[in-house]
Amino acid sequence: MQSWRGKSLWLALSASWLLVLLRVFPLLRLAVPARPWASAPQGWPRWLDTELLPGFSQPGELPEDAPQPPQAPRGGGCDWGACFDASKCRTGGLKVFVHPVAGPISAAHRKILASIESSRYHTASPEEACLLLFLSLEVPAGECSPVPQQWNGGRNHLVLDLHPAPCPQTFQLGPAMVAKASPTVDTFRPGFDVALPLLPEAHPLRGGAPGQLRQHSPHPGVPLLALAEERGGWRTAGTDPSACPWDGRCEQDRGPEQTHPGGTLPNATFCLIPGHRPDALHFLQALQAGCIPVLLSPRWELPFSEVIDWTKAAIVADERLPFQVLAALQEMPLTRVLALRQQTQFLWDAYFSSVEKVMHTTLEIIQDRIFGASAHASLLWNSPPGALLALPTFSTSPSDFPFYHLQRGSRPVGRFSALIWVGAPGQPPLKLIQAVAGSQNCAQILVLWSSEKPPPSRWPETAVPLTVMDGQRKVSDRFFPHRAISTDAILSLDGHSSVTTSEVDFAFLVWQSFPERMVGFLTWNHFWDEAQGGWGYTAERANEFSMVLTSAAFYHRYYHTLFTHSLPKALRTLADEAPTCVDILMNFLVAAVTKLPPIKVPYGKQHLEATPPLVPGGPEPQPTARDCINQMAAGFGYMPLVSSRLRLDPVLFKDPVSVLRKKYRSLEKP
C-alpha cells in the first residue's frame, strides 16, 4: 500500500515538473521581447538599472511584436558619403553661407541668423562655402518654404527647420540635409540629418539662464515625480510612486499633487515625458531644472543624438510597463541619481541654454563628419566643458587639453615656456629674464617685442633658449597661438613685471595641480554697481578676487587657441583698443570654460601694485575702462567671472619655524 502511494506521489511530482518546463520558456519570451518597435530605433526597453525591474507583468499583458520585414534605409537611402561632397571642405575647413531670406522674418529666425554669422564657420561668399544653409520660414501647415535659386539639387545644403509641423517636401529635397526640431523617428535619417531641440520663442540668443539644480541629491521634501501636461506646465506627485499618472490601469488615488504653469520649471527628481511630439518642449525644461527626463516610448529623435550619449542624462522607458518604471525609479541608487542630474546640468549649459549654442553644435556635428576619424571623441562631447570648447584644430586627443586630467588620473608633465610681452618703450627686461631662467622648470623664454623702439642687438646669456619674436603692435598679440611655444604651460609676463625664481617655481607647482585654471599673483575683483546699473571692477587689495593679471600668470597654451579662434572678433578688437580690457577678456574666457575662479599665490612687496595701466593715479578704473567689462558681459550674454577667497601658500609659509625647514624660504623676504 505504501509502495503504491509512493509511486503515485513520484508520478505526480514528475508531471508537475514537466508542466513547469513546458510553460517557462513562453513566459520568458513574453517578458523579454526579441526586437524593438518598428517605429522606435532606440530599442525596447532601454533600462539603466535592469536589476531593479521586478516582473510585475502577467503572461498575455505584453503583446509580442510581430516580425517586421526588412525595410529600406529611411530617406531614400541618402547618407553622408553618397549625398555630401566633402572635398570642398578639405582645404579651408567648414565654411557656411546662408541664403538670403526673402520677406519678413520672426525674432527667433533673426537670432538664428545672428548666431551663425557670429560663428567662425560663416562666410559671405557662396564660392568659398562648402555648406549652403537654407532657413525654412514659418508657413501655413502642410506647406513648405520655396527653395532658393542657387539650389543645385540640394547638394551640400542644410535645410534648417525649427517648426514641429511636418513639411511634405522634406523627402523631396534630394541630397539636402535637414536639421529639424524634434523630428519623428520614422523620417529622421541617422548620420545625415541633425535632430534639433524644440526651442521656445523666448530662448536667448547667447549666454542663457543657468541650470536650476541647487541640490544634487533628492531632498525629502522634493516630489519624486513630475508629469508633463499636454497643454503645458507640469503636475508633481507625492513621494509615494504607487500610482502612474499616464496609465489608466494604475490606482486612481495619486496622493497630493501640484500643478505648475508652463513657465515654471519642474521641482522633482524625475520628469515623466510622454512620447508624442508636443511634449518635446518639456524635454529642455527638465534639463534646465536638473530633473531627470524619463521618456515614455518617445516617437521623436532626441536632440543631437549622433554625438550626445543620452543614457548618461535621461531614461528611455516603455509606457506599457508602468509599475516596473515606477519601481525602478523609486529604487534607483542615489549615486546614479546624482550622476544623471549632474549630466543634465552640463548638457543644458554646453549645448542647449542659448540659440547660439544650439546652432554652433549643429555646425560642429557637420564638421566632425567632415574630419571623420580625426573629429571629437565621445569623451569630448559628453564631458565638461563640451565639444564646442574643445577645438579639433588644436587636437583630437583628450590628453592634450587641460580639462580631462582629473578624469584620466593624470597631471601635466614637462616644463613651462615664459612669454614676455614688451609693448611699452623702456629698458629690456634683463633682470626678469635672469629670474625666470633660474627656474629649473623653465624650458624656454620667448620675448614678444611689440614696442615701436627696436629691440637690442644683444641679450643676456641664459641656461635656457631665448627667442625674440616680432609682434604686431597689438595687445591681443600676446595671446596668439605662436608656433614657437613648445610646452603646455605658459608663464605670461610683461616687460615691467617683477618676480623671483622661488615665486615662479611655486606657482608652476600649483598650476600642475589645476591645469585648467589660471594661477597668478596680482588680482582684481568685479562687482555690481547699483548706482551705475552695471558691472565694475577694482584693483584694491582684498581677500576676495575674481581675476588675475596676465602680466604674471600661469595658464595652459590651449587658451591661446580659444582666444584667437573662438572669441568674437568684436571682443578682441575691444581688447586692442583698451589695454586694460585684455586681462578682463582672458579671465572671462577661462571662467566661461571652467566655471571656476582663478587661483592666487603669494607674492612679495617688490611686485608692482595691481593698478590698471590706464589709471596711474589710483585703483579705481576710469569710465572708459569700466565700460569694457560691461561690453564683454554683453558679448558673452552673462557674467562668467566667479569670485574666490582662496590663496594657496607653501607648507610652513610664515610659520614660526626655522627657515631651513622651508622649501620656498625666499617668498617670506621683505
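For the structure, check the block above.
Residues numbered from 1 in each chain as written. Predicted model: local features only at pLDDT ≥ 70, side-chain atom pairs only at ≥ 80, totals over all residues. Heavy atoms only, no water.

Caption draft 1: Here's a closer look at the overall build of the protein. Each helix and strand in the protein was counted, giving 15 helices and 21 strands. Classification of the 670 residues of the protein by burial places 52% in the buried group. Pairs at least 24 residues apart make up 71% of the contacts formed inside the protein by residues separated by at least 6 positions. Accessible surface, the protein as shown: approximately 31700 Å² in total, 56% of it carbon and sulfur. (Helix = DSSP H or I, 4+ residues; strand = E, 2+ residues; numbered from the N terminus. Buried < 20%, exposed > 50% of the residue type's maximum accessible area, 1.4 Å probe, protein only. Contact = heavy atoms within 4.5 Å. Areas by Shrake-Rupley, 256 points an atom, 1.4 Å probe, with all protein chains shown as cover.)

Caption draft 2: Geometry of the packing of helix α4 (residues 280-289) against helix α6 (residues 334-352). Where α4 contacts α6, the two axes come as close as 7 Å, and the packing angle between them is 115°. In this structure, α4 crosses over α6, and the sense of that crossing is left-handed. From α4, Leu284, Leu287, Gln288 and Ala289 reach across to α6, where they touch Thr344, Gln345, Trp348 and Phe352. Taken together, the residues of the contact of α4 with α6 break down into five nonpolar, three polar and no charged. (Axes fitted to C-alpha atoms, helices over the stretch in contact; angles between N-to-C directions. Left-handed = near helix turned anticlockwise from the far one by under 90°. Nonpolar A, V, L, I, M, F, W, Y, C, P; charged D, E, K, R; others polar.)

Caption draft 3: Up close: the packing of aromatic side chains. Within the structure shown, the criterion is met by 27 aromatic pairs. Consider the rings of Phe283 and Trp310, whose centres lie 5.1 Å apart with planes at 70°: the pair is edge-to-face. With Phe283 in helix α4 and Trp310 in the loop between β10 (292-296) and β11 (315-317), this residue pair connects regions lying 27 residues apart in the sequence. Residue classification places Phe283 among the buried positions, given a relative accessible area of 1%. (Phe/Tyr/Trp six-rings, centres within 6.5 Å; stacked < 30°, edge-to-face > 60°.)

Caption draft 4: Structural view of the sheet that holds strand β12 (residues 416-422). Reading across from one edge, β14-β13-β12-β15-β20-β16-β21 is the order of the seven strands in this open sheet, with mixed pairing throughout. Each end of this open sheet is capped by a strand with a single partner; those strands are β14 (466-470) and β21 (599-600). In the sheet, strand β15 (residues 489-494) pairs with strand β20 (residues 552-556) via five bridges, with the strands oriented antiparallel. Within β20, the position partnered with Leu493 by the bridge is Ala552. (Pairing = 2+ DSSP bridges.)

Caption draft 5: Layout of unusual backbone geometry. Pro385 follows Pro384 through a cis peptide bond whose omega is 5°. Mapped onto the fold, Pro385 is located in the loop between α8 (378-382) and α9 (405-408). Even without a glycine there, the phi angle at Asn156 is positive, about 55°. Structurally, the position occupied by Asn156 is in the loop between β2 (131-135) and β3 (157-161). For Asn156, a relative accessible area of 5% puts it in the buried group.

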